[in-house]
Amino acid sequence: MEHSSPSTHGRLVLFNFLHAFILLCMSTCLESSTLRTTTLGNEMDRLVLLDFKKRITEDPLHVMSSWNDSIDLCSWVGVTCNRATKGVVILNLMSQKLVGSLPPSIGNLSHLTGINLIEQL
Ligand SMILES: *[C@@H]1O[C@H](CO)[C@@H](O)[C@H](O)[C@H]1NC(C)=O
Ligand SMILES: *[C@@H]1O[C@H](CO)[C@@H](O)[C@H](O)[C@H]1NC(C)=O
């Protein structure tokens, strides 16, 4: 047969519908569970970054002003999170002219893979 039978076609439509539903659910249902991990899962990361912020003594470009509780830490300037776990993976504060010291608690950023504090002249 060259054309698919009506029943096959029907199954295909149903499959596509389910597929679309699953995709839709993944972006909305998961969103709420990710939100939950955001508030619980990366609480440690938030505390560490606030510790980091506390030790910044000079911040002429006001980078640290975005590091506040009114926005998610994954949106803070220089912070890159793992999209799934919401853990901080990269801290890129290159050429931000920050002066300060690193807190020992930086070791508590369990997902951190890179940190860039280079000052380009
Ligand atoms: C928090 O950071 C955002 C983004 O930089 C900024 O728009 C907002 O004014 C800041 N809020 C406070 C309370 O500093
Ligand atoms: C981070 O880990 C240290 C031990 O390495 C611990 O003393 C500290 O309380 C932890 N928490 C924070 C938020 O730094």
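Nothing here was measured: the structure is a model prediction, and the numbers come from that model.

Cut-off values and rules
- Residues numbered from 1 in each chain as written.
- Chains lettered and ligands numbered in written order.
- Predicted model: local features only at pLDDT ≥ 70, side-chain atom pairs only at ≥ 80, totals over all residues.
- Heavy atoms only, no water.
- Near = heavy atom within 4 Å.
- Polar contact = N/O pair within 3.5 Å; in protein donor to acceptor, adjacent residues only side chain to side chain.
- Nonpolar A, V, L, I, M, F, W, Y, C, P; charged D, E, K, R; others polar.
- UniProt positions renumbered as here; feature names shortened; annotations may be inferred.
- Helix = DSSP H or I, 4+ residues; strand = E, 2+ residues; numbered from the N terminus.
- Buried < 20%, exposed > 50% of the residue type's maximum accessible area, 1.4 Å probe, protein only.
- Lys, Arg positive; Asp, Glu negative; His and termini not counted.
- Salt bridge = Lys/Arg side-chain N within 4 Å of Asp/Glu carboxyl O.
- Contact = heavy atoms within 4.5 Å.
- Areas by Shrake-Rupley, 256 points an atom, 1.4 Å probe, with all protein chains shown as cover.
- Disulfide = S-S within 2.5 Å.
- Core = buried A, V, L, I, M, F, W, Y, C linked by side-chain atoms within 4.5 Å.
- Pairing = 2+ DSSP bridges.

## Comments concerning the site of ligand 1
Inference 1: Around ligand 1, a shell composed of Ser-65, Ser-66, Asn-68, Ser-70 and Ile-71 is seen.
Inference 2: At a separation of 2.4 Å, an oxygen atom of ligand 1 approaches a polar side-chain atom of Asn-68.
Inference 3: Contacts to ligand 1 include Ser-70, whose side-chain N or O atom sits 3.4 Å from a nitrogen atom.
Inference 4: A class-by-class count of the residues in the shell around ligand 1 yields 1 nonpolar, 4 polar and no charged.

## Topic: the UniProt feature "domain: Leucine-rich repeat-containing N-terminal plant-type" (unreviewed entry) in the chain
Inference 1: The positions that UniProt labels "domain: Leucine-rich repeat-containing N-terminal plant-type" (unreviewed entry) are, in the present scheme, residues 43-82.
Inference 2: End-to-end, the C-alpha atoms of residues 43-82 are 14 Å apart, and along that stretch the chain is 30% helix and 15% strand.

## Quick word on the side chain of Asp-45
Inference 1: Along the chain, the position of Asp-45 falls in helix H2 (residues 43-54).
Inference 2: Among buried Asp, Glu, Lys and Arg side chains, Asp-45 stands out as unpaired, with Arg-46 the closest opposite charge at 9.8 Å.
Inference 3: Filtering out sequence-adjacent residues up to four positions away, Asp-45 remains in contact with Leu-73, Gly-87, Val-88, Asn-108 and Leu-109.

## Thoughts on the site of ligand 2
Inference 1: Surveying the vicinity of ligand 2 reveals the residues Met-44, Leu-47, Ser-105 and Asn-108.
Inference 2: At 2.4 Å, a side-chain N or O of Asn-108 approaches an oxygen atom of ligand 2.
Inference 3: Contact with the protein chains hides 38% of the accessible area of ligand 2, taken as 360 Å² for the molecule alone.

## With respect to the state of the cysteines
Inference 1: All chains considered together, the criterion is met by 1 disulfide.
Inference 2: The partner cysteine of Cys-74 in its disulfide is Cys-81, sulfur to sulfur 2.1 Å. When the S-S torsion is -95°, as for the bridge of Cys-74 with Cys-81, the disulfide is left-handed.

## Examining the environment of Trp-67
Inference 1: Note that Trp-67 resides in the loop between strand S1 (56-58) and strand S2 (79-81).
Inference 2: Residue Trp-67 is classed as buried on the basis of its relative accessible area, which comes to 0%.
Inference 3: Sequence separation of Trp-67 and Lys-53 is 14 residues, and the distance between their C-alpha atoms is 7.7 Å.
Inference 4: The contacts of Trp-67, once residues within four sequence positions are left out, are Leu-49, Leu-50, Phe-52, Lys-53, Trp-76, Val-77, Val-79, Leu-91 and Leu-93.
Inference 5: A polar contact is formed between the side chain of Trp-67 and the backbone oxygen of Val-77, at a distance of 2.9 Å.

## Some points on the nonpolar core
Inference 1: Grouped together as the largest cluster of nonpolar side chains are 18 residues, with contacts concentrated most on Leu-49, Trp-67 and Leu-91.
Inference 2: Of all the secondary-structure elements, those providing two or more residues to this core are H2, S2 and strand S3 (88-92).
Inference 3: Considering every element that reaches this core, the biggest residue donor is H2, with 3 residues.
Inference 4: Non-local contacts of Leu-49, meaning those with residues more than four positions away in its chain, are made with Trp-67, Leu-73, Trp-76, Val-79, Val-88, Leu-91 and Leu-109.

## Topic: the pairing of S3
Successive residues of a regular strand alternate their side chains across the two faces of the sheet.
Inference 1: Direction of pairing for S2 relative to S3: antiparallel, over a ladder of 3 bridges. Directly across from Val-79, in S3, lies its bridge partner Leu-91.
Inference 2: Taking the residues between adjacent antiparallel strands as the criterion, S2 and S3 are bridged by 6 residues, where Lys-86 takes a positive phi near 70°.
Inference 3: Relative to strand S5 (residues 114-116), S3 runs parallel, the two being bridged by 3 bridges.

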